[in-house]
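Working through the structure, step by step
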Amino acid sequence: MRKVRIADSILKFLIIGSSLISIGALLWIVGYIVINGLPHITWEFISTEYKGDQTGILPMIISTAYIIGLSLLISVPIGICSAIYLVEYSKPGNLIRCIRFATESLAGIPSIIYGLFGYIFFVTALKLRMSILSGSITLSIMILPLIIRTTEEALKAVPNSYREGSFALGASKLTTITRIILPSAIQGILTAVILSVGRIVGETAALYLTAGMVTRIPDDIMSSGRSLSVHLYMLAKEGISFEQAFATATVLLIIVAVINFIANMLASRIKKATTAR
Amino acid sequence: MEKSKLKIKSWKKAKIEKVVEHMFLICALIAILSLLVIIGFIFAKGLPAILKIGIVNFIFGMEWKPSEEVFGIFPMIVASLLGTAGAVLLSTVIGVFTAIFLAEIAPNWVANIFRPGVELLAGIPSVIYGFFGLIVFVPLIDKWFGGGGNSLLAVIVILTIMVLPTIISISEMALRAVPKEYKEGSLALGATHLQTIFKVLIPAAKSGILASIVLGTGRAIGETMAVILVAGNSPILPESIFGRVRTLTSNIALEMGYAFGLHQEALFATGVVLFVFIIVLNLILNLMLYRMGEKA
């Protein structure tokens, strides 16, 4: 009995200790970066260019926005259509198994491999050069599995009675999908988009090799652009300015926190809606 | 007249339905196509280099000197494996205990504050971890142990924190998925709560926990930029845990910008080796899940 009690208290100590380490790591990292970064975030820092004695991050914000927009533009329609096929049309079989396997494998490929591929295929072979376009196409493949999987979950959560009701009223399959299923699954699809934005904002390795590091405001999608994450990497790696690095890291953290907040809000709204059904 | 018009209309509609279905199918095939093209390009560019350098010379070569056309990646393989193994080991211990805390011990309100924290940890861009490691851990390691601080140890610490959220959230889900009856039965037999957790819940949630570990391993071995910032990046075998190391991933990112010819191909070959690791990892995961399924 005593032995049990000793073992129990050791385990309890380990459990509490580990939890403190986990939460401590988060608080330490976020606290340290925000405390050191927040004082350096000024309107000037956000709104000026990065040239001469200006050290603003406006070009990086614009490049990041370009890359997010373009990647989503490519990947979201393809991902949603794939998910629709997988959930609404496909019958179990080898083809579906192949698509599933491919999606899972794509999700497991490290981002540096995407970068390597994008560099040799889009940048070199297709002669798109290091550009916003090359980076965006590369990232759109990278986020495809995330969009497909999340959208699939959302489509599966639409009750079958909705489909049956629509068919019973004489609506065709396509009408059912566009008028009934997609609107009911819209919040889940939005979650997919939000999570993808998070993934793109945090990506460094793939963009480093495909979109380049130019610090000018991009003229169009064919010019090279440095994303915020790549900017932070360059500042830290080259030891250019830790002040700017802290401030950039804080901006990134704020973006990620907002994204997580929106995703959580959507998730809880979906949960409410499904329990109400 | 009216009737035939209607017929044409419904025929047209059916045709549109068919066309759209095919369009959906084509979209679904893009995933397969992308995977094939990626594997094709990486291997087509990397395999010839491996053959040119010689498989043994490449994999077991101890020196990496692009200027002299000497390409051996053994030290980087070792660094990648050691860094990943160390990080996964540490974060499995910390992560599973934290998952137990969240699923079993913590009151609801604590878990509800804790969980978004773990999600935030998962969402933080990896380069921020690298920056934090560079500015906090590297100086600390230098102060306590000497040697500059850029080291295998720094890599392990950074990767541990990065892998943690993956292990915590998937293990917690696995623990919560264990049927309530298991726990109640064990408690009814007179086992303490902690005995129940370790002798009943964890064995029952084993497959989920193992899956989280494999996914975490994938994240650790593939991480690039955060590792570059803290590793020191010398392509030599580390003498100790405080030695400078270069991983497979960082080798690619560090030199891709200016490499050409055989040097560039050797970097693709590095990618091939990394790819093989990932494939093996996925096979292990599938095998494990398959075995679990067989037993149950």
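Please read these numbers as outputs of a predicted model, since none were measured by experiment. (Residues numbered from 1 in each chain as written. Chains lettered and ligands numbered in written order. Predicted model: local features only at pLDDT ≥ 70, side-chain atom pairs only at ≥ 80, totals over all residues.)

With that settled, the discussion passes to the overall build of chain A. Assigned secondary structure in chain A consists of 12 helices and zero strands. When the helices and strands of chain A are read in sequence order from the N terminus, they spell out α-α-α-α-α-α-α-α-α-α-α-α. Looking at the 277 residues of chain A, the share that counts as buried comes to 46%. For chain A, long-range pairs separated by at least 24 residues make up 76% of all intrachain contacts whose partners lie at least 6 apart in sequence. (Helix = DSSP H or I, 4+ residues; strand = E, 2+ residues; numbered from the N terminus. Buried ≥ 20, exposed ≤ 12 C-beta atoms within 10 Å, placed from the backbone. Contact = placed C-beta atoms within 7 Å.)

Looking only at helices and strands, one finds 12 helices and two strands in chain B. What you see in chain B, going N to C, is helices and strands ordered as α-α-β-β-α-α-α-α-α-α-α-α-α-α. A compact globule built from 296 residues would reach a C-alpha radius of gyration of about 19 Å, whereas chain B, at 25 Å, exceeds it by more than 25%. Principal-axis analysis of the C-alpha atoms gives chain B an extent of 85 × 65 × 35 Å. (Rg over C-alpha atoms; globule rule 2.2 N^0.38 Å.)

Residue and element names in this part refer to chain A. Following both chains from N to C, one finds helix H7 (residues 160-168) and helix H8 (residues 173-184) inclined at 155°, their axes separated by 10 Å at the closest point. Between H7 and H8, the crossing angle belongs to the class labelled roughly antiparallel. For H7 against H8, the interelement crossing comes out right-handed. Judged by residue contacts, Tyr 162, Arg 163, Ser 166 and Phe 167 of H7 engage Thr 176, Ile 180, Ile 181 and Ser 184 from H8. Classifying every residue of the contact of H7 with H8 gives four nonpolar, three polar and one charged. (Axes fitted to C-alpha atoms, helices over the stretch in contact; angles between N-to-C directions. Parallel < 35°, antiparallel > 145°, perpendicular 65-115°, else oblique. Left-handed = near helix turned anticlockwise from the far one by under 90°. Nonpolar A, V, L, I, M, F, W, Y, C, P; charged D, E, K, R; others polar.)

Before going further, it helps to examine the domain arrangement of chain B. Residues and elements named next belong to chain B. Each domain of chain B was delimited in the assignment, giving domain 1 (2-53) and domain 2 (73-295). Relative placement of domain 1 and domain 2: their C-alpha centres are 36 Å apart. Listed by partner, the interface residues are 10 residues for domain 1 and eight residues for domain 2. In terms of residue class, the side of domain 1 that touches domain 2 is built from seven nonpolar, one polar and two charged. (Domains from an automatic or database assignment.)

On to unusual backbone geometry, then. Negative phi is the rule for most residues except glycine; trans is the rule for most peptide bonds. Even without being a glycine, Lys127(A) presents a positive backbone phi close to 55°. Of note, Lys127(A) is situated in the loop between helix H5 (111-125) and helix H6 (132-156). One non-glycine residue with positive phi stands out, namely Asn233(B), at about 65°. Given 18 C-beta atoms within 10 Å, Asn233(B) falls into the partly exposed group.

Where a protein is soluble and globular, its nonpolar side chains tend to be buried together. In this structure, Leu232(A), Ile128(B) and Ile158(B) are the most contacted members of the largest nonpolar core, which totals 167 residues. Examining the composition of this core, we find that 17 residues originate from one element, helix H6 (residues 152-176) of chain B, more than from any other. Discounting residues that sit within four places of it in the chain, Ile128(B) has contacts with Ile33(A), Leu232(A), Ala249(A), Leu252(A) and Leu253(A). (Core = buried A, V, L, I, M, F, W, Y, C linked by C-beta atoms within 7 Å.)

Residue and element names in this part refer to chain A. According to the domain assignment, chain A contains domain 1 (2-39) and domain 2 (43-276). With centres defined by C-alpha atoms, the gap from domain 1 to domain 2 works out at 32 Å. Taken together, the contacts link six residues of domain 1 with five residues of domain 2.

Quick look at the confidence of the model for chain B now. When pLDDT is averaged along chain B, the result is 90, and 97% of the positions lie at 70 or above. Within chain B, helix H12 (residues 262-295) of chain B has the poorest average pLDDT of any element, 85, and helix H3 (residues 74-105) of chain B the best, 95. (pLDDT = per-residue confidence, 0-100.)

This next bit is on the packing of H6(A) against helix H9 (residues 186-202) of chain A. Residues and elements named next belong to chain A. At their nearest, the axes of H6 and H9 sit 8 Å apart, and the two run at 155° to each other. Regarding the angle of H6 to H9, the classification is roughly antiparallel. Where H6 crosses over H9, the handedness of that crossing is right-handed. Residues Leu 139, Ile 143, Leu 146, Ile 147, Thr 150, Thr 151, Glu 153 and Ala 154 of H6 lie in contact with H9, whose contacting residues are Gly 188, Ile 189, Thr 191, Ala 192, Leu 195, Ser 196, Arg 199 and Ile 200. Here the contact of H6 with H9 is composed, by residue class, of nine nonpolar, five polar and two charged.

Where interface size is quoted, it is often the accessible area lost as the parts come together. Contact with chain A, which involves 68 residues of that partner, is made by 64 residues of chain B. It is helix H1 (residues 2-37) of chain A that contributes the most residues to the side of chain A that touches chain B, 16 residues altogether. Broken down by class, the residue content of the side of chain A that touches chain B amounts to 49 nonpolar, 15 polar and four charged.

Let us look at H9(A). Over its 17 residues, H9(A) runs 25 Å from end to end, which matches the ideal 24 Å to within 8%, given 1.5 Å per residue. With 13 of its 17 residues buried, H9(A) lies for the most part within the structure. (Expected span 1.5 Å × (residues − 1).)

Once that is clear, we can look at helix H5 (residues 126-145) of chain B. Given 3.6 residues per helical turn, the α-helix brings residues three or four places apart onto the same face. Residue and element names in this part refer to chain B. Taking the largest bend as the criterion, H5 deviates by roughly 40°, centred on Gly 133. Within the sequence span of H5, burial applies to Ser 126, Val 127, Ile 128, Tyr 129, Gly 130, Phe 131, Phe 132, Gly 133, Leu 134, Phe 137, Val 138 and Ile 141. One or two residues past the end of H5 sits Gly 146, with phi positive at roughly 75°. (Bend = angle between axes of the 7 residues up to and from the residue.)

Glancing now at the environment of Ser67(B). As for its placement among the helices and strands, Ser67(B) is situated in the loop between strand E1 (64-65) and strand E2 (70-71). When the C-alpha positions of Ser67(B) and Lys143(B) are compared, they lie 35 Å apart, and in sequence the two are 76 residues distant.

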